[in-house]
Amino acid sequence: MFETPENDSISPALRALLELFATDLADVKFPDVDTAVLGEAAAHVREKAEAVARAQAALDAARQALNESQESLLQKGQRALAYAKVFAEDDAELGGKLEAIHLPRPVRKGGQAPGEPVGAAQGSEENAPRRRGRPPKLRPVANLFTDGGNGADGAQDEAAASLQS
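Residues numbered from 1 in each chain as written. Predicted model: local features only at pLDDT ≥ 70, side-chain atom pairs only at ≥ 80, totals over all residues. Heavy atoms only, no water.

### Describing the overall build of the protein
Rules: Put simply, DSSP marks the helices as runs of H or I at least four residues long and the strands as runs of E at least two long, and each gets a number from the N terminus on. Partly exposed residues are those whose accessible area sits between 20% and 50% of the maximum for their type, while under 20% is buried and over 50% is exposed, using a 1.4 Å probe and protein chains only. Contacts were defined at the residue level, with two residues in contact if any of their heavy atoms lie within 4.5 Å. Residue burial considers only the protein chains on display, and all accessible areas are found by Shrake-Rupley using a 1.4 Å probe.
Along the protein, the regular secondary structure elements total 5 helices and 0 strands. Counted from the first residue to the last, the protein has its helices and strands arranged as α-α-α-α-α. Taking all 165 residues of the protein together, 13% fall into the buried category. Taking the contacts inside the protein whose residues are at least 6 apart along the sequence as the reference set, 41% of them involve residues at least 24 apart. Element-wise, carbon and sulfur atoms account for 56% of the exposed surface of the protein, whose accessible area totals about 14100 Å².

Set out below in structure tokens:
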């Protein structure tokens, strides 16, 4: 008779009591309390919980819309400030007023800074984490184009052998 959804707004202890009144105590009636009264009260609680869930979803949607509107205004404000600074190049007083305005950077969904090229965040060596462990061993490489002739002293053969090993 009583539902037990996952996100039930009725505590497990009260659900157990409701279940007992629906089964073992179904025929028992106390003053102002019986199976029907408890069932109605539980249904009322679930209705109110559903209303809260709908209101929470509407609030979340409204917050998301507000955030998007604020982001749009910020982007337009950044552009307006940039245009106004160019416009005020010859007006020191207006330029000073504009320089005093510091708007936050717009939030990018990709997680990179606004003026940064797409591959710059991942490809820059100074931001890359250091490699762990010992650096690779450097092998001495003989110059293959030395003035040693046509291999009379065998330097070219040795160099080729060391490169292959």
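### Quick notes on helix α2 (residues 35–87)
The condition is simple: A helix is expected to span 1.5 Å for every residue after the first. Under the rule applied, a polar contact is a pair of N or O atoms within 3.5 Å (in protein, one hydrogen donor and one hydrogen acceptor; residues adjacent in sequence only if both atoms are side-chain atoms).
With 53 residues, α2 ought to run about 78 Å at 1.5 Å a step, and its terminal C-alpha atoms sit 77 Å apart, in line with that. Listing the buried residues of α2 in full gives T35, L38, G39, A42, R46, E71, L74, Q78 and L81. Where the residues of α2 are buried, they touch α1 (12–22) and α3 (92–99). Structurally, the start of α2 carries an N-cap: the backbone nitrogen of A36 is 3.3 Å from a side-chain oxygen of D34.

### Points about unusual backbone geometry
Working note: non-glycine residues mostly have negative phi, and peptide bonds are mostly trans. The backbone of D32 shows a phi angle near 65°, a positive value even though the residue is not glycine. Summarising the element assignment, D32 is placed in the loop between α1 and α2.

### So, the side chain of E71
With respect to the secondary-structure elements, E71 resides in helix α2. Among residues more than four places away in sequence, those in contact with E71 are P106 and V107.

### What to know about the packing of aromatic side chains
To be explicit about the condition: A pair of aromatic rings is counted whenever rings of Phe, Tyr or Trp (Trp by its six-membered ring) have centres within 6.5 Å, and the orientation is called stacked for planes under 30 degrees apart, edge-to-face for over 60 and tilted otherwise.
What the rule picks out here adds up to 1 aromatic pair. Consider the rings of F21 and F30, whose centres lie 6.2 Å apart with planes at 65°: the pair is edge-to-face. Classification of F30 as partly exposed rests on a relative accessible area of 45%.

### A short note on the nonpolar core
So the rule is basically this: The criterion is simple. A nonpolar core is a set of buried Ala, Val, Leu, Ile, Met, Phe, Trp, Tyr and Cys residues joined through side-chain atoms within 4.5 Å.
Residues I10, L18, F21, L38 and A42 constitute the largest nonpolar core, which totals 5 residues. In this view, I10 contacts R15, L18, A42, V45 and R46; residues no more than four positions away in its chain are not counted.

### Some points on the confidence of the model for the protein
The criterion, for reference: Per-residue confidence from the predictor is reported as pLDDT, a score between 0 and 100.
Overall, the predicted model of the protein reaches an average pLDDT of 79, with 68% of residues at or above 70. Across the protein, α2 holds the top mean pLDDT of 95, while helix α4 (residues 120–123) sits lowest at 48. Low pLDDT, under 50, characterises residues 114–123; the stretch is placed with 6 contacts to residues that sit more than four places away or in other chains.

### Side note on the pattern of salt bridges
Cut-off, in case you're wondering: Think of a salt bridge as a Lys or Arg side-chain nitrogen and an Asp or Glu carboxyl oxygen that are within 4 Å of each other.
A complete count under the given rule lists 5 salt bridges for this structure. The partner of D8 in a salt bridge is R46, and the shortest N-O contact between them spans 2.9 Å. Here R46 lies in helix α2 and D8 lies in the segment before α1, a separation of 38 residues in the sequence. Given a relative accessible area of 14%, D8 falls into the buried group. A salt bridge links E99 to K85, with the shortest nitrogen-to-oxygen separation between them at 3.9 Å. With E99 in helix α3 and K85 in helix α2, the pair connects residues that are 14 residues apart, well separated along the chain. Within this structure, D8, R15 and R46 form a network of salt bridges that share partners.

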